[in-house]
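Summary of structural features
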Amino acid sequence: MKIFISHSSANKDYGNALVELLRGIGITEDEIVFTSNTAYGIPIGQNIFNWLKSQITEKPFVIYLLSKEYYSSIACLNEMGAAWIIENEHAMLFIPNFDLSSKEFREGAIDPREIGFYINDEERLLSFIQHLEAYFNISKKSVIINQKVKKYLSEIESIVSESSNATNPLKLPTTDKLKEVQVKTPVINENNIEKTTNGLKKEIENNDDLYSKFLNDILSGKLKDEELILIHYLNDTGRGKLMIGWQEHIEVSNIKDWEDIKEIDNILSNKYESAVRKIGLRGFTEVSAVTSGGNAKEVKLKAEIESNIIDLPKEILDFITSYLKKIPAKPKKNLWEDEGLPF
């Protein structure tokens, strides 16, 4: 069975966010049809209506992404009618601010008395994911599900905000009022961090999968300084692999550049070998490449961790950020002590 997302091209940003969520919870690329993204489009040479006809026997799960733009499009309404005929199951998802009392929705092909939900309704979204388990191979790991949902909701919020700004352009303050504007820097409150991390700890403490152990070891303070900074380095650079052995000096050089940019002391570059060995002993990495002589030259994060390293939960990122504040800043060179000066 495939998931077919019926939508207006004007709402493709919402659709893309939904696709990323579906992929994140375990639905494969070839199980999704979303025509606004070529990676999930219908087969080359077919139009949407011919493709829908060909799916009569398979009967896809149709997600109707409903909006004012959807009901204003003749093509979308024709697609709705065709999909309604061949569907097996369907769900109605509404973009934020869609008016459920509108005449178009009330008189459409889909019964308005059926229960749908707004795509930024977290509780209903989690129930919908549970419903999908009957048809697709959804991840059983609640930590990953919750993490992907939070990321998705954040993306939806950004889309709504951008859409609102486009509709209501920002009015810059006058020169007089500009003087009154105060820029506030976000402050990370350590008491709040402890509360949120305790919530995540409770969520993962009974899970026995590797990713949960990885998160728990971070929050429990089991990792040494260099290990925690190494995880931050991997998250910040989007890396899943690390060079070791004869290639180690290349990775250390990259880390030194990163430390310079971050203006933090050279803790990781000085203890890189130790950091890699320790996270390996914890079972978080595995050898991914060897030399012709059989010596390891590269390690990588194990799949469960690597697939989530750039999307770590906010609680983890706040915990790491709070920790990094305690690391001494890299001492700045005193130019007046430069021996090359002629005086």
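Read on for an overview of the structure. (Residues numbered from 1 in each chain as written. Predicted model: local features only at pLDDT ≥ 70, side-chain atom pairs only at ≥ 80, totals over all residues. Heavy atoms only, no water.)

Turning our eyes to something else, we now look at the nonpolar core. In this structure, Ile3, Ile5, Leu22, Ile63, Leu66, Leu132 and Tyr152 are the most contacted members of the largest nonpolar core, which totals 48 residues. Once residues within four sequence positions are removed from consideration, Ile63 is found in contact with Ile3, Phe4, Ile5, Ser6, Leu18, Leu22, Ala91, Leu93 and Phe128. Counting 39 residues, the second-largest nonpolar core is a separate cluster that includes Leu219, Leu301, Tyr323 and Ile327. (Core = buried A, V, L, I, M, F, W, Y, C linked by side-chain atoms within 4.5 Å. Buried < 20%, exposed > 50% of the residue type's maximum accessible area, 1.4 Å probe, protein only. Contact = heavy atoms within 4.5 Å.)

Attention now goes to the pattern of salt bridges. Under the definition given, this model contains 9 salt bridges. Across the pair Asp311 and Lys148 runs a salt bridge, and its minimum N-O distance is 3.8 Å. Taken together, the residues Asp311 in the loop between α15 (303–306) and α16 (314–324) and Lys148 in helix α7 (residues 142–167) connect sequence positions 163 residues apart. Taken individually, Asp311 and Lys148 each receive the classification buried, so the pair is uniform in this respect. Two residues, Glu315 and Lys150, come together in a salt bridge whose shortest N-O distance is 3.3 Å. Of this pair, Glu315 sits in helix α16 while Lys150 sits in helix α7, placing them 165 residues apart in sequence. (Salt bridge = Lys/Arg side-chain N within 4 Å of Asp/Glu carboxyl O. Helix = DSSP H or I, 4+ residues; strand = E, 2+ residues; numbered from the N terminus.)

Moving on to the packing of aromatic side chains. The geometry of an aromatic ring pair is captured by two quantities: the separation of the ring centres and the angle between the planes. Using the criterion set out here, one finds 13 aromatic pairs in the structure. Residues Tyr70 and Tyr71 carry aromatic rings whose centres are separated by 5.8 Å and whose planes lie at 65° to one another, so their mutual orientation is edge-to-face. Taking the relative accessible area as the measure of exposure, Tyr70 reaches 0% and is therefore buried. On the basis of an interplanar angle of 20° and a centroid distance of 6.4 Å, the ring pair of Tyr211 and Phe214 is categorised as stacked. Of this pair, Tyr211 and Phe214 are both found in helix α10 (residues 210–219), 3 residues apart, which corresponds to roughly one turn of the helix. (Phe/Tyr/Trp six-rings, centres within 6.5 Å; stacked < 30°, edge-to-face > 60°.)

As a further point, take the environment of Ala10. Checked against the element boundaries, Ala10 lands in the loop between β1 (3–6) and α1 (12–24). Using a relative accessible area of 55% as the deciding quantity, one classes Ala10 as exposed. Sequence-wise, Ala10 and Ser36 are 26 residues apart; in three dimensions their C-alpha atoms are separated by 9.6 Å.

Sheets are built from strands that pair by backbone hydrogen bonding, the pairs being arranged parallel or antiparallel. Read from one edge of the open sheet, 3 strands run β6-β8-β7, paired in antiparallel fashion. Each end of this open sheet is capped by a strand with a single partner; those strands are β6 (241–243) and β7 (285–290). Averaged over all pairs of adjacent strands, the angle between their axes in this sheet comes to 30°, without regard to strand direction. Looking at chain direction, β6 and strand β8 (residues 296–301) are connected through 3 bridges and run antiparallel. Among the inter-strand pairings, Met243 is bridged to a residue of β8, identified as Glu298. Lying over the sheet, helix α14 (residues 272–281) contacts β6, β7 and β8, oriented at roughly 135° with respect to β6. (Pairing = 2+ DSSP bridges. Axes fitted to C-alpha atoms, helices over the stretch in contact; angles between N-to-C directions.)

Here we take up unusual backbone geometry. The residue Asn97 is not glycine, and still its phi comes out positive at about 75°. As for its position among the elements, Asn97 is in the loop between β4 (89–94) and α5 (103–106).

Looking now at the side chain of His7. Structurally, the position occupied by His7 is in the loop between β1 and α1. Accessibility expressed as a relative area gives 6% for His7, which makes it buried. A polar contact of 3.1 Å, which involves the side chain of His7, links it to the backbone oxygen of Ile5. A polar side-chain atom of His7 sits 2.7 Å from a polar atom in the side chain of Ser36. Once residues within four sequence positions are removed from consideration, His7 is found in contact with Lys12, Phe34, Thr35, Ser36, Leu65, Tyr70, Cys76 and Glu79. (Polar contact = N/O pair within 3.5 Å; in protein donor to acceptor, adjacent residues only side chain to side chain.)

Turning next to the pairing of β1. Burial of the side chains of β1 extends over both faces: Ile3 and Ile5 are buried on one face and Phe4 and Ser6 on the other. For β1 and strand β2 (residues 32–33), the ladder comprises 2 bridges, and the chain directions are parallel. Paired with Phe4 across the bridge in β2 is Val33. Handedness of the crossover joining β1 and β2 through α1: right-handed. When β1 meets strand β3 (residues 61–66), the two strands line up parallel, connected through 4 bridges. Paired with Ile3 across the two strands is Phe61, which belongs to β3. (Right-handed = clockwise from strand over helix to strand, strands pointing away.)

Glancing now at the sheet that holds β3. What the 5 strands build is an open sheet, ordered β2-β1-β3-β4-β5; its pairing is parallel. Each end of this open sheet is capped by a strand with a single partner; those strands are β2 and β5 (117–118). As paired strands, β4 and β5 are joined by 2 bridges and run parallel to one another. In the strand pairing of β5, Phe94 is matched with Tyr118. Taken strand by strand, helix α6 (residues 122–132) contacts β1, β3, β4 and β5, and its axis lies near 160° from that of β3.

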